[in-house]
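Topology and contacts: notes
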Amino acid sequence: MSVHARTPAGSSSRRRAAAVTVSVLAAALGSTYAAAQAQAAPATAGTGTGTLRTVQVYDYAKQQTAEHVTIAPDGTRYVSLGFGGQLEVKHPGGPSRILTFPGAGTGTFCGAAVVAPDGAVYVSVGSANPAVNGVWTVAPDGTLARYAALPSQGEELNGMAMDSRGNLYVADSNLGRIYRVPTRGPAAGTGQTWVQSQLLDPVPGQILDGIAFPGANGVAVFRGSLYVSNSAQENILSIPLTRDGSPGPIRIAYPGIISDDIAFDVRGNLYTTTDPFETVNRVAPDGTVTVLANSSDGLTGPSSVAFGAGKDSTTLFITDLGVFSTPHISQLQAINVGIPGAPVR
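Below you will find a few notes about this structure. Source: prediction; values computed, not measured.

**Quick look at the overall build of the protein chain**
On a plain count of helices and strands, the protein chain comes out with two helices and 26 strands. Going through the 345 residues of the protein chain one by one, you find that 57% of them count as buried. Taking the intrachain contacts of the protein chain between residues at least 6 apart in sequence as the baseline, contacts between residues at least 24 apart amount to 52%. For the protein chain, the computed accessible surface area is about 12,900 Å², with 54% contributed by carbon and sulfur atoms.

Right, dumping it as structure tokens:
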């Protein structure tokens, strides 16, 4: 879920700079780029546990860039079509439905969807228009309504997760913040900055195709903490969720890990996407990295991961943004990793 790391032809950014190549970004990222490139090399025998299968291909020409995927307990999938400002909703056995947020095609960015235990659907939507920017709800009939305004500065809202108490946590990739939005109690629907830290910031000067490489990006709740990937700083952070709702001390839980989005399985393994480095990796609790798939397997810009539900509980769904692939192919893929996903809150 990296808003400022990619932009398809025709989209805009208010911080556009001179276009640069991936090699310039590589130099900015430093020593870990070599490790990322090594991970992107053809996978050796035994590195993967299954083969990729294509689930859905999106219309890149219409800016349908598959940014994030969420699978509900009933198997319904929600795919954020980032730069298109749209959300795909597909119920099992039913047709795909595309919902469009205000300002689509003119700067509105659809970040991530979260499904609450009661079935409510929330979506992070970034926009330079303060009347659009924030967290939105999706009604069963497809009606969209803004639920909470957030004080970001346009197109910054990215990953989102919910804890067991119904609080939403939204990453701001540019301002180095995590916003908290309660969905229960008297404060429901009000968004405030929960954490602001230099560990969440982007790195000045890291630019790809004129767009700043993102700071705080993917988020996941796991075993009482909020985990946050910082793509620019190449770390994954952990923030304890305390009983009074305040954040515990922020720390680097996985140093030197380049990641866009993240997910956990029941054994504590971490799964990461590395767009634009074209790998999906599994990181063991001891830090060992295993490449599950790369561009030679058909990845075209892996931007998010999420486990399926029911019979698909061991299936990892992957969005491919497609911005840095040739040709540009934006799609949803899946791979069986043989281990069920952890509860998402």
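**Brief notes about the side chain of Ser-80**
Tracing the chain through its elements places Ser-80 in strand 3 (residues 77-81). Within the structure, the side chain of Ser-80 is placed 3.3 Å from the backbone oxygen of Gly-111, a separation counted as a polar contact. Excluding residues within four positions of it along the chain, Ser-80 makes contact with Thr-65, Ala-66, Glu-67, His-68, Gln-86, Leu-87, Cys-110, Gly-111, Ala-112 and Ala-113.

**So, unusual backbone geometry**
Omega for the peptide link from Asp-275 to Pro-276 comes to 15°, which places this bond in the cis form. Locating Pro-276 in the fold gives a position in the loop between strand 21 (270-273) and strand 22 (279-283). Omega for the peptide link from Thr-326 to Pro-327 comes to 0°, which places this bond in the cis form. The topology assignment puts Pro-327 in the loop between strand 25 (315-320) and strand 26 (331-336).

**So, the packing of aromatic side chains**
The tally for this structure, following the rule as stated, stands at eight aromatic pairs. Look at Phe-83 and Phe-109: their rings are 5.2 Å apart centre to centre, the planes differ by 75°, and that puts the pair in the edge-to-face class. Residue Phe-83 is found in the loop between strand 3 and strand 4 (86-90), and its partner Phe-109 is found in strand 6 (residues 109-115); the two are separated by 26 residues along the sequence. Judged by relative accessible area, Phe-109 falls into the buried class, the value being 0%. The structure contains a cluster of three or more aromatic residues connected by ring pairs, namely Phe-222, Tyr-227 and Phe-264.

**Section: the sheet that holds strand 18 (residues 235-240)**
The antiparallel open sheet is built from four strands, whose spatial order is 16-17-18-19. Of all strands in the sheet, those bounded by a partner on one side alone are strand 16 (216-222) and strand 19 (251-255). Averaged over all pairs of adjacent strands, the angle between their axes in this sheet comes to 30°, without regard to strand direction. Bridging between strand 18 and strand 19 involves four bridges; their strand directions are antiparallel. In the strand pairing of strand 19, Asn-235 is matched with Pro-255.

Calculation notes
- Residues numbered from 1 in each chain as written.
- Predicted model: local features only at pLDDT ≥ 70, side-chain atom pairs only at ≥ 80, totals over all residues.
- Heavy atoms only, no water.
- Helix = DSSP H or I, 4+ residues; strand = E, 2+ residues; numbered from the N terminus.
- Buried < 20%, exposed > 50% of the residue type's maximum accessible area, 1.4 Å probe, protein only.
- Contact = heavy atoms within 4.5 Å.
- Areas by Shrake-Rupley, 256 points an atom, 1.4 Å probe, with all protein chains shown as cover.
- Polar contact = N/O pair within 3.5 Å; in protein donor to acceptor, adjacent residues only side chain to side chain.
- Phe/Tyr/Trp six-rings, centres within 6.5 Å; stacked < 30°, edge-to-face > 60°.
- Pairing = 2+ DSSP bridges.
- Axes fitted to C-alpha atoms, helices over the stretch in contact; angles between N-to-C directions.

Take it as geometry only, folks, not as evidence of what the structure does.
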